[in-house]
Every structure is written in C-alpha cells, then in structure tokens.
Amino acid sequence: MSETNESRPAQVDPRARHQDLVQQVEEHRARYYGDDAPTISDAEYDALERELKDLEAGHPELIEPDSPTQVVGAARGDTGFASVRHRERMMSLDNAFSLAEVESWLTRIGKEAGDRRIVCEPKIDGLSISLTYVDGELTQGVTRGDGTTGEDVTANVRTIAGLPHSLAGDHVPALVEVRGEVYLPVEAFQQLNDRLRDEGKDPYANPRNTAAGSLRQKDPQVTATRPLALTAYALGALEWGGTEPHPSIGSQSGIYDVLAQWGMPVSEFARVLDGIGPIEDYLVDLEKRRHDMVHEIDGAVLKVDDRSVQAELGSTSRAPRWAIAYKFPPEEVHTTLEDIRVDVGRTGRVTPYGVMTPVTVAGSTVTYATLHNQHEVKRKGVLIGDTVVLRKAGDVIPEIVGPVAAARTGKEREWSMPTHCPSCGTALAEQKEGDKDLRCPNSQSCPAQIIDRIAFIGSRGALDVEVLGEKAAAAMVESGVLVNEAGLFDLGAQDVALADLFTLKATESLTKAQRDAGETPRQPGDLTRNASKLLEELEKAKKQPLWRVLVSLSIRHVGPTASRALATAFESMDAIRAASEEELAAVEGVGPVIAESVRSWFAVDWHVEIVERWAAAGVRMADERDEAVERTLEGLTVVATGSLERFTRDSVKEAIITRGGKAASSVSKNTDYVVVGANAGSKAAKAEQLGVPTLDEAQFERLLEGGPQALA
Ligand code: IVH
C-alpha cells in the first residue's frame, strides 16, 4: 500500500481542529433539530461527532462544559411553543458502529457489573418525547429540546392515535414521565408524499423529518391529519404517591410490561438476551428485517436489564453508560451528481441516469442511479454539480432522492433531455401522446438498441446464454460480426474471430489445473476460451422452451408471464404468428394490449426474418405438450412467495402453468392459494389478511399432484 493511503492523524493543531469540529457539530445539530433541512447525511454527522470525541479523549484539556460532546440536542431559538423543563433530564445515547464496538461496550459494563442480561430493541428513527401523566391523566407532552428544557407540544401529542390519555391498571403512579419515540409509519409517509406530489407540493425528505414537522404544527388539526404513532421505551421522573409501586419496576424489561399494562404502545421486538453470541444474532437479524417494520429504524438500542446495575453504572453528562445505540450502516448518504447521461434501452426507451462521485451506501459502492425520465429529473429538481441525497434501502436499487439545496454554490447547471438519439442520431419521440418516456424509433438499426437486445437474449430470464452480455454483444455489433440479432444462431468460429474481444493477443497462460489436464496454451490469433464457450452456449440455447424464445424477441409488453401464457395456449411460434388479435387477447393473462403488440410485431418484415433465421438455425419453435402432466390446477390462481427448497422462481411458475393454473405475482381476493416458502414477506401477511389459504411446500406438491381434492 502506498504511503498516502495510510490513515494517520493529520498534522494539525488539535486546538484549532477542536474549535472547527465544535463549530461544525453545533451547526449541523441546529439544522437537524431545527426547522432548517440538514445539509449533511446522518453518517457524515456521526463521523464528525466521533472525530470530536476521539480528539477530546486524547486532549481532555479541550473539553468545555458546553462542548457538544457534553450536551444533548441543540439550543433552539424562539419557536412559538412554551418552554418546559423536564423533571428528569432526557439523555442521548452513545453509538457503536460495529459488532466489535458492541462487544467492547459489553466487556466494559460486564466487568463493572458482573451482569450481562441485556435488553435489545429497535432504534426507531423518529423524535423523542416526554409525556407527563399526573394521577394517570396525560397533562403534558414535551419534546426533548436540549435535554433539560423542551417545547410544549401537548395539543399536538393528544392527536396521536394509540396514545392513552389516561393510564390503565392497578399501579398508576401519582406522577410519571413516560419517554418514547414519535414516528410516522413508512406507509403513511409514502401516502402523504404521493398526495403532496399530486397537489404539486414539495414532498418531505423522510419519515423522521415529516414526524418532526407534524409535531411542531401550530395547528393541532393539521397534526391530527398525520397518522403519527408512538413507542414508549423509558421512564423519567416517577412518584408513586399513595399507590403500591408496581412489582416489575426493577428491570428494563419489567418497565416494558408496566408500560404495556398502562396501555402504552411498546416495541414487540424487545428481547432480553445474555452474552455476545445471541446479541450479535439479534443485531444481524434485525438489520435483515429493518425494512419489514412499520417504522424506519436506524439501528438497535442495547440496555442493561437490571435497573440496580443501571444505577451503579450511572451516566455521563449526556448519555447513560448502561445503554448504547448500535447503528446500522447508513442507507442515505450524500454525494456529488457529476453528470446526467442517457441510456438507450432495448425497446428504444431513453433513460436519463445520474453519474455520481462513487460512494458507499448500505455496503455497496454506487456510481450510477437511474433518473427514469425527464419528468423525474424535473420533479426531483436536481442540477448537475448538486450535492444529492442517495438512498439504497435493502435490496432496492439505489435512488437519487433529491438535491441538498442548502449546499448549492451557484456553479450547478440545469440538464436538458437530448432531442436526438445519442447512439444513432434519430429524433426522439413519444411513442404515443402523453407517454412519459421518449424513445428512439429506429429499432431496426440503432446500435444501442441492437446491442441491448442481443445482450438481453443472453440474460437469465431469456435464453440464458453464458458469456453473451453487454460487452460481448457490443463487440460483435461494433466489429460488424452481427448486424442485428437475426444472425445470432448462425455464428461460427470464423465469424466470432472477427471480433477483437474474442481473439487472443498473446500466448495464453494456463492455470495449474489446465496444465495438469495436459492442455496446450492457445496462441495469438486463436479464439479465446470465452469465444468457444459462447458458441457452445448458443448451441445449448437452441433447445430452450418456446416461451423463452418468445421472451428473447423483445416484443413490447411480452415478458415471461405473457410468453408462458402464449406458449401454453398456442404451443408453436407459427400458431402465435397466425393467431388473430381476438384469439391472442382471449388467452388468460394476455389481453388486448399484449395482443395488439404481438400482432404489430409480426407485421414487420425484419422481425419475421429474425424468427425465420432462428428457426432455420435450429432454435426450438414449438413445445410438445406433455400429455403426461394432468391439468390439476385448471381455473386456479396461485401465488408463490419466499424461497422453496425443491423449486426455483421459474420452475414454480412452470409447474403451475403446465397444470393449467395461473401463476400470479400479487395476492388479491381472486387468489386461490398462496404458497409460502422461507423468508416470505408481505405477500404471506396479505394472504392471511384476505383469508386466502396458504400452503407449505409439501402441501403445494400435493396440490400439483392431485388438485384441491388432494388437500382435503
Ligand atoms: S432509550 C436513556 N430506546 O435515540 C436512554 N432511545 O440517539 C434514552 N431512540 O434520544 C433513550 N429508539 O430519541 C431509547 N428504543 C429506543 C430508542 C431510542 C430511538 C432515540 C431517542 C434517543 C436517541 C439517541
């Protein structure tokens, strides 16, 4: 590794760096807690705070009582809400950014306390609130503020559904401060933003900001329209008065039981765990499920269960020593939008995409993100040169959320959609009036479209030809080996040799295994091993079933589902080609749009030529109906979700369709059965909600075998 890559502390004056960090942390805290939008991501903020802490650990003389490491939250200016002093201070939490940091916290507290029973629970990404109940009646709701004093938002808090206005049960104290997190459920957030967009208003950045904005509405009736929710997770001041103290109050988990008995909503995911193994399992599992929750979470909170141990461990000025927040890797980061370019896809659709300074988000490095179409670019309001918020949630593809407008310098510039195809120069047009997308109409000879169509033929969902990807397709089109996809299955060794990519430039070096197998190295000018593999794979692909051949033709709207339906109904390419629009539309799962698309595709001469040349080259153009398979699922609609042991995603569908059933992808009241595999998500829940019967894999196999009777 070169010297410049090593991370070592920069040679700066610690006092100057300290001052600089304090100023930055204070500024960003004020933005985060105030009404201004934050200009840096949570992860960048965490890094600044961490550097400040580390610096102070090495230079304790720099710590001031009002240093941001010593206080909670941010001081606020006059907000129009009355200031209220908390009876007991509201603390923040220290952070751990890795399992190793969690482990060292456990060792730290374990040594002192000799007790490691730890409550683990989700860290909800909302805002904290303190609710005062006097003689069981809700009297006040106050935001955290600087931890000592917050804002009185009682009228707004009262609009939160599910928040008890009176406490239930036998052990109701004379006075209690209940602490918890107010949040906006993810679904409600999305609905609210959809509505705002429909009304032409700016959407909110994320659920947390929305919840904060909603709770600070001057008019509680506006707050009441936002379906805020609350999870309680701590107690502040507590005076029992004449009441018998609740017997469970001695542990953190007991507090949750008490809160639940009072009627407060508590987390259903809190667990008491012992030892690093189960705790790590919990954290890993929670991260996997972070997007299945009703609210956003940005980590987990770990708390010592025994409250007498909590008391022994005590707190620093801003955070308890007996608790720690484990933060997941960030899913939202900031980066620079360096350029907006367009991609011409296999159907001619021209899609703008952002090119960004590469950045790590949710564990992967991201450089490109689609911007869908020119209207989306406008709607998001991004300019070239902007700092943008990039979000990658779970398995979802990375998305540019929008610009950080406050970070603009004036050097940013607006982007406009090209009017002509960047690949072939043809004027772009809407396919039909009102389309959001622009397309290049030159599907016959636009190189970008031809390359994409050929690469698509190689993809897993189509003919699954190893080696045939974007690079191989481009090499063959650019070298003139292929004019379009019609000649793909006629290719021989002498043809592919004309593409530079497929010939060796130097004598090949063999692996040990190849040498041991007695192979001789290929010489300059010979075909590469990849080229030989491509030819073999193309030969194999000719035997793929009819529906895959149909998919490979890139007929608009004709994806795997429609192709399967057409192949099952007509059994040959000739029959599909000969069918009338009405006959096509009558097929279950096809309909008029697809029927029209198929008819007009076959009306084009060069399209027909593709099919004819493929057929002449030996590509399978008819399926033999397997009469041995009984049509046990005739008239039934089945949805499969989660992973099964003996079926792939494709083979499940195939099994359903060949037995006369319909393989649907979403659950509705028309669904007859939902097959539920491992790690099934919302579809299984939906089935339950709608009362659709669910089947495990064994039951599904019985259904395939003998139809519904076999399940009785
Ligand atoms: S306990 C004395 N538990 O995270 C400990 N806090 O970064 C008080 N938060 O200010 C906090 N979920 O707003 C606790 N399950 C949870 C939490 C949680 C979210 C918030 C809370 C706190 C912040 C600290």
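Residues numbered from 1 in each chain as written. Predicted model: local features only at pLDDT ≥ 70, side-chain atom pairs only at ≥ 80, totals over all residues. Heavy atoms only, no water.

Looking at the site of the ligand
Taken together, 13 residues are adjacent to the ligand, and E121, I124, R144, E181 and K303 come closest. P122 is positioned such that a nitrogen or oxygen atom in its backbone is 3.1 Å from a nitrogen atom of the ligand. With respect to the ligand, the backbone of I124 contributes an N or O atom lying 3.0 Å from a nitrogen atom. Those elements that place two or more of their residues in the shell around the ligand are β3 (117-124) and β10 (297-304). (Near = heavy atom within 4 Å. Polar contact = N/O pair within 3.5 Å; in protein donor to acceptor, adjacent residues only side chain to side chain. Helix = DSSP H or I, 4+ residues; strand = E, 2+ residues; numbered from the N terminus.)

A few points about the pattern of salt bridges
On inspection of all chains with the given rule, the structure shows 43 salt bridges. In this structure, D490 engages R613 in a salt bridge whose closest nitrogen and oxygen atoms are separated by 2.9 Å. On the criterion of sequence distance, the pair formed by D490 in the loop between α13 (470-478) and α14 (493-496) and R613 in helix α22 (residues 605-616) is long-range, its members being 123 residues apart. Judged by relative accessible area, D490 falls into the partly exposed class, the value being 38%. Residue R613 is classed as partly exposed on the basis of its relative accessible area, which comes to 34%. One salt bridge in this structure joins E519 and R529, with 2.9 Å as the shortest N-O distance. Remark: R529 occurs in helix α16 (residues 529-541) and E519 occurs in the loop between α15 (512-516) and α16; sequence separation between them is 10 residues. (Salt bridge = Lys/Arg side-chain N within 4 Å of Asp/Glu carboxyl O. Buried < 20%, exposed > 50% of the residue type's maximum accessible area, 1.4 Å probe, protein only.)

Observations concerning the pairing of strand β20 (residues 673-676)
Regular strands place their side chains on alternate faces of the sheet. Summarising the sheet, strand β18 (residues 637-641) and β20 pair through 4 bridges and their orientation is parallel. Each bridged residue has a counterpart across the sheet, and for A640 the counterpart in β20 is V675. Relative to strand β21 (residues 694-695), β20 runs parallel, the two sharing 2 bridges. Across the sheet, residue V674 finds its bridge partner in β21, namely T694. You can see the chain leave β20, run along helix α24 (residues 682-690) and come back into β21, and the turn it takes is right-handed. (Pairing = 2+ DSSP bridges. Right-handed = clockwise from strand over helix to strand, strands pointing away.)

Digging into helix α9 (residues 276-288)
In a regular helix each residue adds 1.5 Å, so 13 residues correspond to 18 Å; α9 covers 18 Å between its end C-alpha atoms and thus fits that length. Considered for burial, the residues of α9 that qualify are I279, Y282, L283 and L286. Relative to the axis of α9, the buried residues are bounded by an arc of 95° and lie together on one face. Set apart from the buried face of α9 by more than 90 degrees, the exposed residues are D281 and K288. (Expected span 1.5 Å × (residues − 1). Arc of directions from axis to C-beta.)

Some points on the packing of helix α1 (residues 14-33) against helix α2 (residues 42-58)
To characterise two packed helices, one gives the angle between the axes of the helices and the distance between these axes. For the pair α1 and α2, the least separation of the axes is 10 Å and the interaxial angle reads 145°. Here α1 runs over α2; the crossing is left-handed. Taken together, the residues of α2 that come into contact with α1 (itself represented by P14, R17, H18, L21, V22, Q24, V25, H28, R29 and Y32) are D42, Y45, L48, E49, E51, L52, L55 and E56. When the residues that make up the contact of α1 with α2 are grouped by side-chain class, the tally is 9 nonpolar, 3 polar and 6 charged. (Axes fitted to C-alpha atoms, helices over the stretch in contact; angles between N-to-C directions. Left-handed = near helix turned anticlockwise from the far one by under 90°. Contact = heavy atoms within 4.5 Å. Nonpolar A, V, L, I, M, F, W, Y, C, P; charged D, E, K, R; others polar.)

Details of unusual backbone geometry
At H372, a residue that is not glycine, the phi angle is positive and equals roughly 65°. Relative to the helices and strands, H372 resides in the loop between β14 (364-370) and α11 (374-380). A positive phi angle, close to 70°, is found at H557, a residue other than glycine. If you trace the backbone, H557 turns up in the loop between α17 (546-552) and α18 (560-570). A relative accessible area of 45% places H557 in the partly exposed class.

Quick word on a negative patch on the surface
Where like charges cluster on the molecular surface, the negative patch consists of E581, E582, E583 and E596. For the negative patch, the leading source of residues is helix α20 (residues 581-585), giving 3 residues. Classification of E581 as partly exposed rests on a relative accessible area of 34%. (Patch = residues over 30% accessible without salt bridge, like charges linked within 9 Å, V, L, I, M, F, W, Y side chains within 5 Å. Areas by Shrake-Rupley, 256 points an atom, 1.4 Å probe, with all protein chains shown as cover. Lys, Arg positive; Asp, Glu negative; His and termini not counted. Charge placed at Lys NZ, Arg CZ, Asp CG, Glu CD.)

As for the sheet that holds strand β11 (residues 323-327)
Within a sheet, neighbouring strands are paired by backbone hydrogen bonds and run either parallel or antiparallel to one another. Spatially, 5 strands are ordered β2-β11-β10-β3-β9 in an open sheet, and the strand pairing comes out mixed. Taken across any chain shown, the strands that pair with only one partner, and hence form the sheet edges, are β2 (95-96) and β9 (271-274).

Notes on the confidence of the model for the chain
On average, residues of the chain score 91 in pLDDT, and 96% of them are at 70 or above. For residues 1-9, every residue scores under 50 in pLDDT, and the model assigns this stretch 2 contacts once sequence neighbours within four places are set aside. (pLDDT = per-residue confidence, 0-100.)

Describing the sheet that holds strand β19 (residues 662-664)
Reading across the sheet, the 4 strands line up as β19-β18-β20-β21 and stay open at both edges, with parallel pairing between neighbours. Only two strands of the sheet have a single partner each, and these edge strands are β19 and β21. Pairing analysis gives 3 bridges linking β18 to β19, with the strands arranged parallel. When the bridges of β19 are listed, T637 appears paired with K662. Against the sheet, helix α23 (residues 649-658) touches β18 and β19, its axis set at about 145° to β19.

A closer look at the packing of aromatic side chains
Taken as a whole, this structure holds 6 aromatic pairs when the rule is applied. Ring plane angle 55° and centroid distance 6.5 Å describe the contact between W240 and W262, whose orientation is recorded as tilted. One end of the pair, W240, is in the loop between β8 (229-239) and α8 (252-261); the other, W262, is in the loop between α8 and β9, with 22 residues separating them in the sequence. We note that W240, like W262, is buried. Taking the centre distance of 5.9 Å and the plane angle of 70° together, the rings of Y353 and Y368 count as edge-to-face. With Y353 in strand β13 (residues 349-361) and Y368 in strand β14, this residue pair connects regions lying 15 residues apart in the sequence. Residue Y368 is classed as partly exposed on the basis of its relative accessible area of 49%. Residue placement shows R208 over the ring face of Y32; its charged tip is 3.8 Å from the ring centre. The cationic tip of R564 hangs over the ring face of W547; the distance from NZ or CZ to the ring centre is 4.0 Å. (Phe/Tyr/Trp six-rings, centres within 6.5 Å; stacked < 30°, edge-to-face > 60°. Lys NZ or Arg CZ within 6 Å of the ring centre and 35° of its normal.)

A look at the state of the cysteines
Enumeration according to the criterion identifies 0 disulfides in this entry. There is no disulfide at C424, and the cysteine sulfur nearest it, in C440, is 3.6 Å away. Overall, C424 belongs to the partly exposed group, its relative accessible area being 26%. With no disulfide of its own, C446 has C421 as its nearest cysteine by sulfur position, at a separation of 3.8 Å. (Disulfide = S-S within 2.5 Å.)

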